[in-house]
Amino acid sequence: MNKLAIIICLITGLSFLIGYIINKLIKNKNNLEFFSISFAFVILMGLCFFDLLPECIENINNIFIILMYVAFGIIFLKSFDYILPHHEHSSDHLHGEHISLITFIAIFLHNILECFLIYMVSISNINSGILMAIGVMCHNIPLSISINTLNSSNKKNIIMTVLLILSSVILPLIFGIFNINIGNNVIGALTGVTLGMLIHITLFELLCEVKENYKNKYTIYGLVLGIVFSILIFLG
């Protein structure tokens, strides 16, 4: 088991704690909510089309199979609309908590896979692993801020933050201890499902909020900064 690679994954996961702390330090939650929703919208769009989609194509190389996994991810997360408490876009509090929860679910699953990839890269080349971890941390922090801002319960925020941190080391520990190998097809399938889940969040949840508040200056700030941030992280 490569302990240094696991430490890199753990440090990557601690970026969610940084987002939690930033959320606690900022007092004006309304402005932070407008900003974080629009910022997360752009970051997640970038994550979908400049990170996850190319990863799917690289591992599967069959557009129809990719679409099948994406569709499954969308349907899977859509099913939570019937399981979780009912919400309306006009009810800011309930809808915000709904977005927070489904975003947490998608990011939790995505982070398990992403940190496993960091672990595998770190084993081969520690410097490449560190660079990948820095890039992941940069989009984890704003996503963590969004999740925590939209949820009014500090207890739930703490639980979600702890689970997100743990998700960073779950697979590296399991595969490191038991020396398990995983194929590209499995990685591609998990990536495709995660891509579908994040597409659902961006198009059916966050986009609605951005459209309703597009005239708010903090929404505009979030969109602009999100675009700049995405260019630096995903296209830099």
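The present account deals with the structure reproduced in this document.

About the cut-offs
- Residues numbered from 1 in each chain as written.
- Predicted model: local features only at pLDDT ≥ 70, side-chain atom pairs only at ≥ 80, totals over all residues.
- Heavy atoms only, no water.
- Helix = DSSP H or I, 4+ residues; strand = E, 2+ residues; numbered from the N terminus.
- Rg over C-alpha atoms; globule rule 2.2 N^0.38 Å.
- Contact = heavy atoms within 4.5 Å.
- Areas by Shrake-Rupley, 256 points an atom, 1.4 Å probe, with all protein chains shown as cover.
- Lys, Arg positive; Asp, Glu negative; His and termini not counted.
- Charge placed at Lys NZ, Arg CZ, Asp CG, Glu CD.
- Patch = residues over 30% accessible without salt bridge, like charges linked within 9 Å, V, L, I, M, F, W, Y side chains within 5 Å.
- Salt bridge = Lys/Arg side-chain N within 4 Å of Asp/Glu carboxyl O.
- Phe/Tyr/Trp six-rings, centres within 6.5 Å; stacked < 30°, edge-to-face > 60°.
- Buried < 20%, exposed > 50% of the residue type's maximum accessible area, 1.4 Å probe, protein only.

The helix and strand inventory of the protein chain stands at eleven helices and zero strands. Ordered by position from the N terminus, the helices and strands of the protein chain form the series α-α-α-α-α-α-α-α-α-α-α. Compactness check: the protein chain gives a C-alpha radius of gyration of 17 Å against a globular reference of 18 Å for 236 residues, within 12% of the reference. Its C-alpha atoms give the protein chain principal-axis dimensions of about 50 × 40 × 35 Å. A sequence separation of at least 24 residues applies to 85% of the contacts in the protein chain between residues at least 6 apart. For the protein chain, the accessible area works out to roughly 11,600 Å², and carbon and sulfur atoms hold 71% of it. With 10 positive and 12 negative side-chain charges, the protein chain shows a separation of 11 Å between the mean positions of the two kinds.

Let us now look at a nonpolar patch on the surface. The grouping of I158, I159, V162, L163, L166, I170, L173, I174, I177, F178 and I180 at the surface amounts to a nonpolar patch, some 920 Å² of accessible area in total. Turning to its location among the elements, I170 is positioned in helix α9 (residues 170–178).

In this section: the packing of aromatic side chains. Summed over the entire model, instances satisfying the criterion amount to six aromatic pairs. Note on F35 and F39: the rings are 5.5 Å apart at their centroids and 15° apart in plane angle, and the pair reads as stacked. Of this pair, F35 and F39 both sit in helix α3 (residues 29–59), separated by four residues, roughly a single helical turn. Take F39: its relative accessible area is 6%, and that puts it in the buried class. Centre to centre, the rings of F116 and F175 are 4.8 Å apart; their planes meet at 50°, and the pair counts as tilted. Here F175 lies in helix α9 and F116 lies in helix α6 (residues 92–124), a separation of 59 residues in the sequence. On the accessibility criterion, F116 (1% relative accessible area) is buried. Relative accessible area serves as the criterion here: at 12%, F175 is assigned to the buried category. Put simply, the rings of F35, F39 and F229 pair up and form one aromatic cluster.

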